[in-house]
Amino acid sequence: MGLFTGRKTMFVDSDILVIGGGFSGCGAAYESRYWGRDKKVVVVEKANIERSGAVAQGLYAINCYMGMQWDENQPEDHVRYARNDLMGLVREDLGYDIARHVDSTVHKFEEWGLPIMKDEETGRYQREGKWQIMIHGESYKPIIAEAARKAATEVYNRIMVTHLLMDKTRPNRIAGAVGFNVRNGNFYVFRSKAVIIAAGGASHIFKPHSVGEGMGRTWYAPWSSGSAYALPIQVGAKMTQMENRIVLTRFKDGYGPVGAYFLHLKTTTENAYGENYEPTWYNSIKELVGDYVDHHPVPTCLRNHAFLQEVKAGRGPIRMVTKEAFKDPHKEKVGWENFLGMTIGQAVVWASQNIDPKETNPELVMSEPYVMGSHATCSGAWASGPEDYAPSEYQWGYNRMMTVEGLFGAGDAIGGTAHKFSSGSFTEGRIAGKAAVKYVNDLGNDQPEISETEYENLKAVVYQPMENYEVGRNEIVAGTVSPSYILPIHGLQRLEKIMDEYVGGTSTNYVTNEPMLTRGMELLSMLKEDLNHIGAEDLHQLQRAWELQHRVLTSECVTRHTMYRTETRWPGYYYRADHPKLDDDDWHCFTLSRYDPASGEWKMEKAPVYHIID
Ligand SMILES: Cc1cc2nc3c(=O)[nH]c(=O)nc-3n(C[C@H](O)[C@H](O)[C@H](O)COP(=O)(O)OP(=O)(O)OC[C@H]3O[C@@H](n4cnc5c(N)ncnc54)[C@H](O)[C@@H]3O)c2cc1C
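### Digging into the sheet that holds strand β19 (residues 602-608)
Across the sheet, 4 strands lie side by side as β14-β9-β18-β19; this open sheet has antiparallel pairing. Two strands bound the open sheet, and with one partner strand each, they are β14 (380-381) and β19. Alignment of strand β18 (residues 589-595) against β19, held across 7 bridges, turns out to be antiparallel. If you follow R594 over to β19, its bridge partner there is K603. Contacts from helix α15 (residues 539-564) reach β9 (239-240), β18 and β19, with the element oriented near 55° to β19.

Below is the structure:
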């Protein structure tokens, strides 16, 4: 304890607390200020909002832009597109709500200084694909962060939020959050009338391809630790579609993106023998999913499926055919710049492996699974929809409010709405911010209060890993091994192995079944028991310990959802070998879960999918 006896408890009051200063968090701060000029808006972020979140490294394209000013697409078109890609299951009300506002967000980004490429002939934004526009986006995040910094009353960087606080008198109402400063160890108690969860997705819950010293190299940001799911789960918010993990085709070893290659460079894929393999699998896919295989564009998971089958048939590796495209100087420039703007590591990998895409068609690989709600899949919290558009069953309060009163979410945190990407996540943050201001205004004098006992208890819980280390380190038997605690890295590797081997990771070719899931749950329960004995030797490790706790709870939720949905809805993302076909009769629905914090029990249920747009 010696080193931390000076640890203080700091209290911060706010009207609106935004947890996570990534894309959706910045959008939430910006819009909360717009509608709530007199409100105290606080952003709390575990890194520094200047370069935090999935867009930290920059991007080369904004993947969600309608182009309504030029009548390129309408919001309804985007809903149809997302619904098709997700094999029929999206919250159309939420998706439409984002699509109708997303263009105004992109116009703001340009106003704030983001260079967007223009088509020289038409003067319109340069399209990469139907929904994507191209940007010079290395500084995308700092530009957006500046707007949030100016809008927020205060930004607290370097504070990891570990738990939410509930109202002392009224059950199921939010009252704030707690966390600790990862640099000086101070404990933070945030009292707030409304809370917006904007803490990103989850990587490193399944074992990544890159292990050992390279394990930080994953496709989704390695610091996306599932807090956006664990925080609401801990207080009993309902979650949806948590089984809908994403697996991506990416360039091998560097996880370099393929979007610009497919869409702008018009490159194609081939098997090891130079053949177009996708048609080979048409009939067998049709057997599994029926007419969904005839939809255009072909859903991403089905293209993944063809890739995986071809490799299983022994005709891998699959390659991207770049040789022709790279002969065109414009396309060659775009091919490289695409990496320089967002994944420099891929260019370095190619250089180190003697791959010149002009001479060699580079290998592709299927990534390990990730969990998220903003990219091409839609895991997350079950949220109330827009007043003017959502069916009554999807409306129990304010827009983007979860099933806990006063608890809002955006971006990766909100389920049912895939294909938001960076611009859509910022837009959803704006929507949540506006709704949270209205909620706070409507509270009047009926304001939540936190309980001293609750936050004092949590304080002891939060620092327990440091206590475990202080006591247990005297028993270290060799290297870092102590009989009394496990270190966060050990817990993480154990988690990744369980999820990989039992819940549909790469080592089983994304296949699982009920017995495997049951065993996976047993092993997860044992891991949870051991997490009471996790040891943290410093504040950095304390952060790792809490990220692990959040990842484990997220993983448990993923496993339960995967067990509940007894069909294979998205072959290519994962397979229930005991239910190998898509089953629209029983499963054309959302899966919902709720963890009961009082009893520790989980309850699963179905919710209807309403097709609002024809
Ligand atoms: C490799 C990659 C490529 C992508 N390509 C594109 C693209 O080309 N175009 C496009 O439009 N989109 C792209 N995206 C998607 C886009 O980045 C995401 O949709 C968007 O960032 C999601 O926003 P978010 O706010 O939900 O999460 P994030 O932007 O990740 O923000 C989450 C924030 O929460 C913080 N946080 C997490 N846990 C805690 C905690 N416990 N306490 C405090 N703070 C916490 C994090 O540090 C982070 O700042 C890409 C993403 C990745 C990873």
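Alright, that's what it looks like, and here's the rest.
### Details of the packing of helix α1 (residues 23-35) against helix α4 (residues 140-151)
Contact geometry of α1 with α4 gives a least axis separation of 8 Å together with a crossing angle of 35°. Pair α1 / α4 crosses with left-handed handedness. Contacts between α1 and α4 involve F23, C26, A29, Y30 and R33 from the former and Y140, K141, I144, A145, A147, A148 and A151 from the latter.

### Brief notes about the side chain of H561
Structurally, H561 is set in helix α15. Other than its neighbours up to four places away in sequence, H561 contacts M239, T240, Q241, M242, E243, T591, L592, S593 and M604.

### Some remarks on the pairing of strand β6 (residues 159-166)
Burial within β6 is extensive, with 8 of its 8 residues counted as buried. As paired elements, β6 and strand β7 (residues 174-181) share 7 bridges and run antiparallel to each other. Bridging across to β7, L165 finds its partner in G176.

### Overview of the pairing of strand β4 (residues 133-137)
Burial of β4 is extensive: 4 of the 5 residues sit out of reach of the surface. Pairing geometry for strand β3 (residues 59-62) and β4, over 3 bridges, is antiparallel. Each residue of the ladder has a partner; that of A61, found in β4, is M134.

### Looking at the site of the ligand
Residues in contact with the ligand amount to 35 residues; listed here are only the nearest, S24, E45, A61, S374 and S422. A distance of 3.1 Å separates a nitrogen atom of the ligand from a polar atom in the backbone of K46. Side-chain polar atom of S422 to an oxygen atom of the ligand: 2.6 Å apart, as the coordinates give it. Taking 990 Å² as the accessible area of the ligand by itself, protein coverage stands at 97%. Grouping the constituent residues of the shell around the ligand by class yields 17 nonpolar, 15 polar and 3 charged.

### Focus: the environment of S14
The residue S14 is located in strand β1 (residues 9-19) in this model. With 596 residues separating them in the primary sequence, S14 and Y610 have C-alpha atoms 37 Å apart. The residues touching S14, leaving out its near neighbours within four places in the chain, are K40, V42, R191, S192 and K193. For S14, the side chain forms a polar contact with the side chain of S192, separated by 2.9 Å.

### Topic: helix α11 (residues 421-443)
The first and last C-alpha atoms of α11 sit 32 Å apart over 23 residues, in line with the 33 Å expected at 1.5 Å per residue. For α11, a buried count of 19 out of 23 residues is recorded, marking the element as mostly surrounded by other parts of the structure. Phi for G444, located one or two positions after α11, is positive at around 60°.

Reading the values: rules and limits
Residues numbered from 1 in each chain as written. Predicted model: local features only at pLDDT ≥ 70, side-chain atom pairs only at ≥ 80, totals over all residues. Heavy atoms only, no water. Pairing = 2+ DSSP bridges. Helix = DSSP H or I, 4+ residues; strand = E, 2+ residues; numbered from the N terminus. Contact = heavy atoms within 4.5 Å. Axes fitted to C-alpha atoms, helices over the stretch in contact; angles between N-to-C directions. Left-handed = near helix turned anticlockwise from the far one by under 90°. Buried < 20%, exposed > 50% of the residue type's maximum accessible area, 1.4 Å probe, protein only. Near = heavy atom within 4 Å. Polar contact = N/O pair within 3.5 Å; in protein donor to acceptor, adjacent residues only side chain to side chain. Areas by Shrake-Rupley, 256 points an atom, 1.4 Å probe, with all protein chains shown as cover. Nonpolar A, V, L, I, M, F, W, Y, C, P; charged D, E, K, R; others polar. Expected span 1.5 Å × (residues − 1).

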